[in-house]
Amino acid sequence: MTEQEQRTGRDETEEERADRMWGEILQEVRVAQMGVQILFGFLLTVVFTTKYDTLADTDQVIYIVTVVLGAAATGALIGPVSLHRLVSGRRIKPQAVEWASRLTVVGLLLLLAVMVGALLLILRVATHDGYVPWLVAGVVVWYLVCWFVVPLWVRHRHTQ
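What counts as what
Residues numbered from 1 in each chain as written. Predicted model: local features only at pLDDT ≥ 70, side-chain atom pairs only at ≥ 80, totals over all residues. Heavy atoms only, no water. Core = buried A, V, L, I, M, F, W, Y, C linked by side-chain atoms within 4.5 Å. Buried < 20%, exposed > 50% of the residue type's maximum accessible area, 1.4 Å probe, protein only. Helix = DSSP H or I, 4+ residues; strand = E, 2+ residues; numbered from the N terminus. Contact = heavy atoms within 4.5 Å. Salt bridge = Lys/Arg side-chain N within 4 Å of Asp/Glu carboxyl O. Expected span 1.5 Å × (residues − 1). Bend = angle between axes of the 7 residues up to and from the residue. pLDDT = per-residue confidence, 0-100.

**Let's talk about the nonpolar core**
Inference 1: Counting residues in hydrophobic clusters, the biggest one holds 19 residues, and the most contacted among them are Leu-43 and Tyr-63.
Inference 2: Those elements that provide at least two residues to this core are α2 (14-46), α3 (57-87) and α4 (93-127).
Inference 3: With near-sequence residues (within four places) excluded, Leu-43 lies in contact with Tyr-63, Thr-66, Val-67, Val-114 and Ala-118.
Inference 4: Of all hydrophobic cores here, the second largest spans eight residues; its members include Ala-18, Trp-22, Ala-96 and Ala-100.

**Some words on the pattern of salt bridges**
Inference 1: Under the criterion given, the structure shown has five salt bridges.
Inference 2: Arg-20 is paired through a salt bridge with Glu-24; the nearest N and O atoms lie 3.1 Å apart. Highlighted residues: Arg-20 and Glu-24, both in helix α2, separated by four residues, approximately one helical turn.
Inference 3: Since its relative accessible area comes to 35%, Glu-24 is described here as partly exposed.
Inference 4: Linking Arg-124 and Asp-59 is a salt bridge whose minimum nitrogen-to-oxygen distance equals 2.4 Å. In this pair, Arg-124 sits in helix α4 while Asp-59 sits in helix α3, placing the two residues 65 residues apart along the sequence.
Inference 5: Given a relative accessible area of 29%, Arg-124 falls into the partly exposed group.

**Focus: the environment of Ile-25**
Inference 1: The topology assignment puts Ile-25 in helix α2.
Inference 2: Separated by 132 residues in sequence, Ile-25 and Arg-157 have C-alpha atoms that sit 22 Å apart.
Inference 3: Filtering out sequence-adjacent residues up to four positions away, Ile-25 remains in contact with Val-97, Ala-100, Ser-101 and Thr-104.

**Points about α3**
Two residues of an α-helix separated by three or four positions point the same way, owing to the 3.6 residues in each turn.
Inference 1: The terminal C-alpha atoms of α3, which comprises 31 residues, lie 44 Å apart, in line with the 45 Å expected from a rise of 1.5 Å per residue.
Inference 2: A maximum bend of about 35° is found in α3 at Gly-79, where proline Pro-80 lies one to four positions downstream.
Inference 3: At the C-terminal side of α3, Gly-89 shows a positive phi close to 85°.

**Some remarks on unusual backbone geometry**
Leaving glycine aside, a negative phi is the common case for residues, and trans is the common case for peptide bonds.
Inference 1: Here Arg-91, not a glycine, exhibits a phi torsion of approximately 60°, which is positive.
Inference 2: Within the secondary structure, Arg-91 is located in the loop between α3 and α4.
Inference 3: A positive phi angle, near 55°, is found at His-128, a position not held by glycine.
Inference 4: Mapping His-128 onto the fold places it in the loop between α4 and α5 (132-158).
Inference 5: Judged by relative accessible area, which is 65%, His-128 ranks as exposed.

**A closer look at the confidence of the model for the protein chain**
Inference 1: Chain-level pLDDT for the protein chain is 91 on average; 94% of the residues reach the 70-or-more range.
Inference 2: Of all secondary-structure elements in the protein chain, the lowest mean pLDDT belongs to helix α1 (residues 3-6), at 52, while α5 reaches the highest, 96.

**Some thoughts on the environment of Val-145**
Inference 1: Among the secondary structure elements, Val-145 is positioned in helix α5.
Inference 2: Classification of Val-145 by relative accessible area gives partly exposed; the value is 30%.
Inference 3: If we ignore the near neighbours within four places in the chain, the residues touching Val-145 are Val-150 and Pro-151.

As structure tokens, this is what we get:
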């Protein structure tokens, strides 16, 4: 086997790796940003409907907490764009990539909380049944499996 055939990984400098990873983060964030911005925009309109005034106090609290979490998720997921713009040209892209990655994970966790709050509110208003928390818990487990468990398992399984 030649040296080229045995080589694994990429032959890139730290700066090249940071450039590649930055592009990957931006693509990932675009997907998450779209979802959180649409959900957040929808949530902002709810308070202006006639139905809002008839919500129980608990449902109004769930709504307010969900809107605040939506604002926080939007901030965290837009953060990498601002970070890039403000540090661009300062020769600190590897550090910027690290911080953008952290902001993205925080944004995903906040998005998870927003999805839970929105689902809980909608199902409580739509059904008024005791099984709503169980449905929401099932969806939370599904999100955790899809967003965190599978990626972490793949990372563990295929990383030396």
